[in-house]
Amino acid sequence: MKANSFTAAVFILWAVSLFAQYPYKPVPRTMIECLEQKEGVLVLKGMTKVGRLHGSRGGEALFEAKEVKIANSGARQTGILVRIVEPAGPDQAVREAETYIDYDEIDPLLKALDNFSKINHTATELDDYQAVFRTRGGFQLSLKSIRVGEGIRVSVINENDIVFCIYIVPADLPTLKNLIVTAKEKIDLMAEKQKSK
């Protein structure tokens, strides 16, 4: 019995030391991240700041148009970088996280934004409702009827499933949509310029 315990302890120590040699690398969730994390190639990144959205209870969301490509290759991905900066509390440091919205997710997100302003208690026959739109990278919009006064939650869920968020009022939805549209227009304009070369 003692030999089995000793063998198990040695195996666990060996496994831990082996695992410690290789740093944890989060699995890419978006196409931009997949290209950005390529090894053995020259990765080029381009970005244009688009603007920021201030939360109704503090904090902000920052938006950038983003391009990632491999030098001397046709490999290229575009999208939007979203960084959520939460408001700092009296005894808290500022917390922030970022994620990407891949280009192919932009149009569905814009359609969801159009629908968010129309959602109310008629969305379901039950007492309360919740509307959620999530991208593969962890950008999320959420509206709950049971949290009166909270507004719409704009959040980023990082690779450790920790949520970073700000809240906006429904009147801010056009501003949010405009930031996303502007980022998409910058990406489209860049793509047109590249085609004409």
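Peer 1: Is there a simple way to explain helix H4 (residues 173–196) in this structure?
Peer 2: Count 3.6 residues to each turn of an α-helix, and residues three or four apart come out pointing the same way. Look at H4: 35 Å from first C-alpha to last across 24 residues, which is about the 34 Å you get at 1.5 Å a residue. Looking only at H4, the buried set comprises Leu173, Leu176, Leu179, Ile180, Ala183, Lys184 and Ile187.

Peer 1: Help me out: how do you make sense of the pairing of strand E3 (residues 76–85) in this one?
Peer 2: Put simply, side chains in a regular strand alternate between the two faces of the sheet. Within E3, seven of the ten residues are buried, leaving the element largely enclosed by the surrounding structure. Bridging between strand E2 (residues 60–70) and E3 involves ten bridges; their strand directions are antiparallel. Each bridged residue has a counterpart across the sheet, and for Ala61 the counterpart in E3 is Ile84. From the end of E2 to the start of E3, which pair antiparallel, there are five residues, and Asn72 there has a positive phi angle of about 55°. Looking at chain direction, E3 and strand E4 (residues 96–102) are connected through seven bridges and run antiparallel. Following the sheet pairing, Val85 is matched in E4 by Glu96.

Thresholds, definitions, all that
- Residues numbered from 1 in each chain as written.
- Predicted model: local features only at pLDDT ≥ 70, side-chain atom pairs only at ≥ 80, totals over all residues.
- Heavy atoms only, no water.
- Helix = DSSP H or I, 4+ residues; strand = E, 2+ residues; numbered from the N terminus.
- Expected span 1.5 Å × (residues − 1).
- Buried < 20%, exposed > 50% of the residue type's maximum accessible area, 1.4 Å probe, protein only.
- Pairing = 2+ DSSP bridges.

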